[in-house]
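Remarks on the overall topology
Now for the letters of each chain:
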Amino acid sequence: MRSPFPGMDPYLESHWGDVHARLIMYTSDWLQERLPGDLRARVEERVVIAPPGEAARAIVPDVRVVERPRRAIEGGGGAAVAVAEPEVEAEVGPEEDEPLVLILDDERTVGFIEVVEAGTRDRIVTVIEVLSPANKRPGRDQDKYLQKREELARGRINAVEIDLLRAGDRILAAPRELLPDRYRTPYQVCVQRAARPLAVEVYRAPLRRRLPRVRIPLRETDPDVRLDLQAIVDLTYKNGGYDDIDYKVEPDPPLGPDDAKWADGLLRERQRR
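Residue indices follow the written sequence of each chain, beginning from 1 at its first position. Note on the predicted model: pLDDT of at least 70 is required for a residue's local features to be given, and 80 or more for side-chain atom pairs to be given and counted; whole-chain, interface and lining totals, by contrast, use all residues. As a convention, hydrogens and water are excluded, and side-chain values are obtained from all of the structure's heavy atoms.

A closer look at the packing of aromatic side chains
- Stacked, edge-to-face and tilted are the three classes for Phe, Tyr and Trp ring pairs, Trp counted by its six-membered ring, which pair at centre distances within 6.5 Å; planes under 30 degrees apart are stacked, over 60 edge-to-face, the rest tilted. Overall, the coordinates contain 5 aromatic pairs when judged by the stated rule.
- Here the aromatic rings of Phe5 and Tyr247 are separated by 6.3 Å at their centres, their planes lie at 45°, and the arrangement is tilted. Of this pair, Phe5 sits in the segment before helix H1 (16-34) while Tyr247 sits in the loop between helix H4 (229-239) and helix H5 (257-269), and the two are 242 residues apart along the sequence.
- Exposure remark for Tyr247: the relative accessible area of 1% places this residue in the buried category.
- Ring geometry for Tyr237 against Tyr242: centres 6.3 Å apart, planes inclined by 50°, an arrangement best described as tilted. We note that Tyr237, like Tyr242, is buried.
- Chaining the aromatic ring pairs together yields one cluster made of Phe5, Tyr11, Tyr247 and Trp262.
- Between the NZ or CZ atom of Arg34 and the centre of the ring of Trp30, over which it lies, the distance is 3.5 Å.
- It is Arg204 that lies over the ring of Tyr183; its NZ or CZ is 5.8 Å from the centre. The numbering of helices and of strands both runs from the N terminus, where a helix is a DSSP run of H or I of at least 4 residues and a strand a run of E of at least 2. In this scheme, a residue with accessible area under 20% of its type's maximum is buried, one over 50% is exposed, and one in between is partly exposed, where area comes from a 1.4 Å probe on protein chains only. In this scheme, the term charge over a ring applies when either NZ of a lysine or CZ of an arginine sits within 6 Å of the ring centre and within 35 degrees of the ring normal.

Given below as structure tokens:
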């Protein structure tokens, strides 16, 4: 069963752990079929440390496009991985002879994609980020994300940011206040090309329309790859078994008044409410 929404389904945001993992996997598959013959898409895993009850913390790119080194970037091949050190909470009993109980952080693995030249894992050409709640919440993870984006620009690396979350800060490369009203959509995609460091391509992603086909830049000698974001989200919904979503309740976070009224009519028309 397909989502009743024509574009991004706002109800998927409350299942973001699974949704994010599937978006990464299906993005890898999509790119793999369309990349030049000397590039490969690989799904990798990294370990992150997550305090109990909080989102996982890490700053590695979700999607990286790399090739054999022709121009070295500062620090060698690939972006550096930063993983938060585990923190320890202590609970002490009321009596001196009570034992100390240590509550350790939760260790998790998070998927990302490397697209590399066959047989190599070297110079990064393009980074594609699918934003997570940790990126959009003020604090250490957001600071590191913004720092990483600056490092990509200094390294002349293409950057693509995909934001399919309404909650949190809007931290994309295109400042919201500089955009025309019609581009201030709930979801958004930004592309920065290494060849045009002062330009940002902004893709609209309204709630009521199909998600865009995004031009993914590679090397200057390569044609762009068209990433059909809607097809990837549709596959995530289908293979994730999200036809069990209860559309009779409001999504989390809730929609604004106008969008909520529109969504109510849509869901009733499609017999999901």
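From this point, the discussion proceeds with the structure in view.
As for the nonpolar core
- For this analysis, a nonpolar core means a set of buried residues of the types Ala, Val, Leu, Ile, Met, Phe, Trp, Tyr and Cys, connected via side-chain atoms within 4.5 Å. Counting 43 residues, the largest nonpolar core has Ile162 and Leu164 as the members making the most contacts within it.
- The greatest single-element share of this core, amounting to 6 residues, is contributed by H1.
- Contact between two residues is taken to exist if any of their heavy atoms lie within 4.5 Å; hydrogens are not considered. Discounting chain neighbours no more than four positions away, the residues touching Leu164 are Met8, Glu13, Trp16, Leu23, Tyr187, Leu211, Leu229 and Val233.
- With 8 residues, the next largest nonpolar core counts Leu131, Tyr145, Ala174 and Leu179 among its residues.

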